[in-house]
Amino acid sequence: MSTDASPDTSGNSSIVDDAKRFSAHTEATPLADDDHQRELIAQAVDSVRDTTPLAQSFTNFVTINLVANAQLAAGGTAAMSYLPDDIIDTAAIAKATYINVGTLLPFFKDALGNIARSLHAAQHPWVLDPVAAGIGRTRSAILWAFRSAPPTIVRGNASEIIALAGIWDLNVPSADPHTDTTRPAGVEAVDDVDSARDAAIIMARYLRGYAPNHRAAVAVSGATDLVTDGDTVYRLPGGSPMMTKITGAGCSLGGVTATYLAVTDPLTAALTASALYNRASEEAERASHGPGSFQTAFLDALWNTTAQTVSQSPITAESA
Ligand SMILES: Nc1ncnc2c1ncn2[C@@H]1O[C@H](COP(=O)(O)OP(=O)(O)O)[C@@H](O)[C@H]1O
Ligand SMILES: Cc1ncsc1CCOP(=O)(O)O
Ligand SMILES: [Mg+2]
């Protein structure tokens, strides 16, 4: 990775060339039971439980408690901070950082760009949740500032991924030129996961130009989650619609993704977090009788779901 703000695109074809490859993608096929990627997922689950890694967070005030509790329930540890110097210092001991722009304060506009540039210079892996991307000029200006010092993983719902690709001026071939791609979508998605497929692929290819070891991923959550490293598109079905009835399901998924990023590569981190969330939310739905007990049961299930269950989750793969 370069240590200034310039992308190192060696080994990557250009975004324009990449766009031509969209029409050639293969049919989705289930990952074999003995696929190496499943082994990496199981190792990530176990490694977090064995080593209790710290992933620090600069996250929104609505869901901060669920983010920390979910990271602990997955086996990691949490530390929340909003002081740029403190975050930059803590990055020396934390193995990954999570930034979530859900709630904004006046000082965030300068602070977040500075933090991102420091993390980039230190080659420190981090996850961005671009909550409500497209709402308001200040949020768009903050997200724009990440363009030249981008995260290792972007995790968002479909509308946020589409909006962020627009804010970053990524050349998404399927984007409708008559649609304002930065339209406000609130914190909830108004697009289905598949409509963010091209944006996710183009974004992953953009991120890896800046990423440690040229490895990056984009995760789009929804009824069937989509995860891509820019070459392969993975789909992870299942989970529970009850996840949309508690606040912080997506935010905490970003935090747990950062926990896994502390111990593994970006693609495996995003796949592991998505698969764990799907299995745990299914168990929580069975064990609960409304949003309150669902959240409690969900934390219990994050704790109890085995590495075997997570790694043997239904996953399909297709070329990007
Ligand atoms: N309809 C659904 N069915 C099953 N799981 C869902 C559904 N909608 C969201 N999820 C799950 O909820 C979690 C948060 O995703 P999402 O609601 O898209 O994020 P956000 O809260 O940021 O909008 C993910 O684990 C996702 O798989
Ligand atoms: C309601 C709300 N408002 C600002 S951030 C936030 C939480 C969003 O949480 P999630 O995206 O995980 O549903
Ligand atoms: Mg969200």
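Residues numbered from 1 in each chain as written. Chains lettered and ligands numbered in written order. Predicted model: local features only at pLDDT ≥ 70, side-chain atom pairs only at ≥ 80, totals over all residues. Heavy atoms only, no water.

Topic: the environment of N171
What counts here: In this text, helices come from DSSP runs of H or I with a minimum length of four residues, and strands from runs of E with a minimum of two, each type numbered from the N-terminal end. Buried, partly exposed and exposed residues are distinguished by accessible area as a fraction of the type maximum, computed with a 1.4 Å probe on protein chains only: under 20%, between the cut-offs, and over 50%, respectively.
On the secondary structure map, N171 appears in the loop between helix 7 (158-167) and helix 8 (197-208). We classify N171 as partly exposed; its relative accessible area is 43%. Along the chain, N171 and A199 lie 28 residues apart, while their C-alpha atoms are 8.4 Å from each other.

Considerations on empty space enclosed by the protein
The cut-off we apply is this: Both site types are read off a 1 Å grid over the protein atoms alone. A 1.4 Å probe that fits but cannot get out defines a cavity, while an open set with protein on both sides within 12 Å along at least five of seven lines defines a pocket; lining residues have an atom within 4 Å of a point. Grid points are joined across faces, edges and corners, and a volume is the space filled by probe spheres set on the points. The classification used treats Ala, Val, Leu, Ile, Met, Phe, Trp, Tyr, Cys and Pro as nonpolar, Asp, Glu, Lys and Arg as charged, and all other residues, Gly among them, as polar.
Using the criterion set out here, one finds two cavities of 30 Å³ or more in the structure. Empty space within the second largest cavity amounts to approximately 50 Å³. In this structure, the second largest cavity is lined by R155, A219, V220, S221, D225, L226, L253, T257, A270, A273 and S274. Secondary structure elements with two or more residues in the lining of the second largest cavity: strand 7 (217-221), strand 8 (225-228), helix 9 (249-261) and helix 10 (266-287). When its residues are assigned to classes, the lining of the second largest cavity shows six nonpolar, three polar and two charged.

Observations concerning the site of ligand 1
Quick note on the threshold: Here a residue is near a molecule or strand as soon as one of its heavy atoms is found within 4 Å of it. As used in this structure description, the phrase polar contact means that two N or O atoms lie within 3.5 Å; if the pair is within protein, one of them must be able to donate a hydrogen and the other to accept it, and residues adjacent in sequence are counted only when both atoms belong to side chains. Each molecule is assigned to a cavity or pocket provided more than half of its atoms lie within 2 Å of the corresponding grid points.
Lining the immediate surroundings of ligand 1 are 18 residues, of which R155, N157, S221, G222 and D225 lie closest. Side-chain polar atom of R155 to an oxygen atom of ligand 1: 3.0 Å apart, as the coordinates give it. The separation between an oxygen atom of ligand 1 and a polar main-chain atom of G250 is 3.3 Å. With respect to the detected pockets, ligand 1 is housed in the largest pocket. Sorting the residues of the shell around ligand 1 by element identifies strand 6 (153-157), helix 9 and helix 10 as the ones contributing at least two each. Take the shell around ligand 1: its biggest share by element is three residues, from helix 9. Along the lines of polarity and charge, the residues of the shell around ligand 1 split into seven nonpolar, nine polar and two charged.

Description of the packing of helix 5 (residues 108-121) against helix 6 (residues 137-145)
The criterion, for reference: The axes are straight lines fitted to the C-alpha atoms, using for helices just the contacting stretch, and the angles between their N-to-C directions are given from 0 to 180°. Throughout this description, any angle smaller than 35 degrees is read as roughly parallel, any larger than 145 degrees as roughly antiparallel, any in the 65 to 115 degree range as roughly perpendicular, and the remainder as oblique. For any helix crossing, the convention is left-handed if the near helix is rotated counterclockwise from the far helix by under a right angle, and right-handed if that rotation is clockwise. Residues count as neighbours in contact if any of their non-hydrogen atoms are within 4.5 Å of one another.
Two elements in contact, helix 5 and helix 6, have axes whose closest approach is 9 Å; the angle formed by their N-to-C orientations is 15 degrees. On the basis of the axis angle, helix 5 is roughly parallel to helix 6. Judged by the twist between their axes, the crossing of helix 5 over helix 6 is right-handed. Contacts between helix 5 and helix 6 involve F108, K109, L112, G113 and R117 from the first element and T138, A141, I142 and A145 from the second.

Notes on the pattern of salt bridges
Stated precisely, the cut-off is as follows: Any carboxyl oxygen of Asp or Glu that lies within 4 Å of a side-chain nitrogen of Lys or Arg is treated as forming a salt bridge with it.
Using the criterion set out here, one finds nine salt bridges in the structure. We note a salt bridge from D231 to R208, for which the minimum N-O separation is 3.3 Å. Taken together, the residues span a long stretch of sequence, with D231 in the loop between strand 8 and strand 9 (232-236) and R208 in helix 8 at a distance of 23 residues. On the basis of relative accessible area, D231 is assigned to the partly exposed category, the value being 36%. Across the pair E283 and R286 runs a salt bridge, and its minimum N-O distance is 3.1 Å. Taken together, the residues E283 and R286, both in helix 10 and three residues apart, mark about one turn of the helix. Owing to a relative accessible area of 35%, E283 belongs among the partly exposed residues under this scheme. Within the structure, one salt-bridge network assembled from shared partners comprises D194, R197, D198, R235 and E318.

Examining helix 7
The element helix 7 is extensively covered by neighbouring structure, given that 10 of its 10 residues are classed as buried. The set of residues buried in helix 7 consists of A158, S159, E160, I161, I162, A163, L164, A165, G166 and I167. Buried positions along helix 7 lie against strand 5 (126-129), helix 6, strand 6, helix 8 and strand 7. One side-chain oxygen of the residue at the start of helix 7 lies 3.2 Å from the amide nitrogen of S159, identifying that residue as N157.

What to know about the UniProt feature "binding site: substrate" (unreviewed entry) in the chain
Selection rule: UniProt positions are given in the numbering used here, feature names are shortened, and annotations may be inferred rather than shown by experiment.
Following the UniProt record, the feature "binding site: substrate" (unreviewed entry) maps to M80 and G248 here. Cross-referencing the annotated residues with the largest pocket identifies G248 as lining it. Assignment of secondary structure puts M80 in strand 3 (residues 77-80). Exposure remark for M80: the relative accessible area of 25% places this residue in the partly exposed category. If we skip the residues at most four places from it in the chain, M80 touches S57, T59, I64, V67, A68 and Q71. By the secondary structure assignment, G248 is in the loop between strand 9 and helix 9. Residues contacting G248, with those up to four places away along its chain left out, are T63, L66 and L253.

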